[in-house]
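Single-letter residue listing:
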Amino acid sequence: MATTLSASPSRQKPVSDPGPRRAARGRRRNVGWLFVAPFGIVFVLFLVAPLLYALYLSLFNKGLATGTTFAGISNYVKAFTDPNFLNGVVFVLLFALVLIPVQMAVSLAVALVLDAFSSLFVRFSRLMIFLPYAIPAVIGALMWGFLYSPSFGPLQQIFGANAPALLSPSNIFGALVNVVTWQWAGYYMIIIYAALQGIDKSLYEAARIDGANGWQIAWRLKVPMVASSLVLIVVFALIGTLQFFTEPEILAPISNGSIQPNTTPNIYAYNQAFSYANFNYASALSFALGIVVLIAIYIFMFATRKRGSILS
């Protein structure tokens, strides 16, 4: 007996209209741009536009007799052959060679000590060490200027006429190192401390089982585990040090000539712009300093590159 099988119609999936989904994605994208817009406007108005205008100024010269004339790269050639600018570059490079290791040693040591303990005193200490970074650089420089002054500061009250001149030409370098280290070591300590907190604590237990003491755990385990953070800190410190400006500019009036108008490239560019109204050359000096910063960062990154680094 033959049975007939009725062929069932093929089931077809309903075709969804991509139009509504595309419109929804477009609305979400527009909402995202709406949230980003305030930052974008401020970024363009106060960073991109001034940079473009400064670049434009650096390509021209302005004189009373000649007016505004196109200079091309002549301002940049003048900057890289200007002894005042080059002396400032040498100063900040030497300053970075001394300051950055000191900052790294202080911030790393403090972070390792705080990571080894857990108590309310540690939390309070962490806050107090970070506090100098929260103080504006101008206020911090004024405070240290008062402390350093042999005329009206505490040194005069303690030593009288024999108060040491900490802002003298022979001491100004160390005085500036102390000010910048005091202000930034706490910030770098927080970065290292956060990296230390992310390390798996079971590694410490395994190291203790293998017979490692506290010093060996810190030096052979903790420090290598936060190497990427240390590299990042050096990059931040190098960029900031090469653009050194606030502290020496604030301390200059009470330094009795120890801080000159060409001590750092930024101070030299500032004086060219606002003391001599040479805005075109000052703009070229600023971009020339930017070139020096980029070269220094590239050399450092090239020298410290390693496979697997987050910064390579």
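Computed from a predicted model, the values in this text were never measured in an experiment.

**What about unusual backbone geometry?**
A negative phi holds for most residues other than glycine; trans holds for most peptide bonds. Its identity is not glycine, yet Asn 256 carries a phi of approximately 55 degrees, on the positive side. Locating Asn 256 in the fold gives a position in the loop between α11 (246–251) and α12 (265–274). Of note, the phi angle at Ala 277 is positive, near 55 degrees, even though the residue is not glycine. The topology assignment puts Ala 277 in the loop between α12 and α13 (279–303). On the accessibility criterion, Ala 277 (51% relative accessible area) is exposed.

**Let's talk about the pattern of salt bridges**
Counted under the stated rule, the structure contains one salt bridge. Here Asp 115 makes a salt bridge to Lys 222, at a shortest N to O gap of 2.9 Å. In this pair, Asp 115 sits in helix α3 (residues 83–115) while Lys 222 sits in helix α9 (residues 214–225), placing the two residues 107 residues apart along the sequence.

**Here we look at α9**
For α9, which comprises 12 residues, the first-to-last C-alpha distance of 15 Å matches the rise-based estimate of 16 Å (1.5 Å per residue) to within 8%. Considered for burial, the residues of α9 that qualify are Ile 217, Ala 218, Leu 221, Lys 222 and Val 223. The secondary structure elements touched by the buried residues of α9 are α3, α7 (172–197), α8 (202–209) and α10 (227–242). The backbone nitrogen of Trp 215 lies 3.3 Å from a side-chain oxygen of the residue at the head of α9, namely Asn 213.

**Brief notes about the packing of aromatic side chains**
Counted according to the given criterion, the structure contains 23 aromatic pairs. On the numbers, 5.5 Å between centres and 50 degrees between planes, the contact of Phe 130 with Tyr 133 is tilted. Remark: Tyr 133 and Phe 130 occur in helix α4 (residues 120–134); sequence separation between them is three residues, near one turn of the helix. Ring centres of Trp 144 and Tyr 148 lie 5.4 Å apart, and the angle between their planes is 40 degrees; on these two criteria the pair is classed as tilted. Here the residue Trp 144 and the residue Tyr 148 both occupy positions in helix α5 (residues 137–148), the gap between them amounting to four residues, near one helical turn. Each member of the pair, Trp 144 together with Tyr 148, is buried. Taken together, the ring pairs in this structure connect Phe 130, Tyr 133, Trp 184, Tyr 187 and Tyr 188 into an aromatic cluster. Taking NZ or CZ as reference, Lys 78 lies 4.3 Å from the ring centre of Tyr 281, over its face. The lysine or arginine in question, Lys 222, covers the ring of Tyr 204, its NZ or CZ lying 5.0 Å from the ring centre.

**Some thoughts on the environment of Tyr 193**
Its location among the elements puts Tyr 193 in helix α7. Residue Tyr 193 is classed as buried on the basis of its relative accessible area, which comes to 13%. When near neighbours in sequence (up to four residues on either side) are disregarded, Tyr 193 contacts Ala 111, Leu 114, Asp 115 and Arg 126. At a separation of 3.2 Å, a polar atom in the side chain of Tyr 193 contacts the side chain of Arg 126.

Cut-offs and rules
Residues numbered from 1 in each chain as written. Predicted model: local features only at pLDDT ≥ 70, side-chain atom pairs only at ≥ 80, totals over all residues. Heavy atoms only, no water. Helix = DSSP H or I, 4+ residues; strand = E, 2+ residues; numbered from the N terminus. Buried < 20%, exposed > 50% of the residue type's maximum accessible area, 1.4 Å probe, protein only. Salt bridge = Lys/Arg side-chain N within 4 Å of Asp/Glu carboxyl O. Expected span 1.5 Å × (residues − 1). Contact = heavy atoms within 4.5 Å. Polar contact = N/O pair within 3.5 Å; in protein donor to acceptor, adjacent residues only side chain to side chain. Phe/Tyr/Trp six-rings, centres within 6.5 Å; stacked < 30°, edge-to-face > 60°. Lys NZ or Arg CZ within 6 Å of the ring centre and 35° of its normal.

Don't take any of this as a statement about function, it's just geometry.
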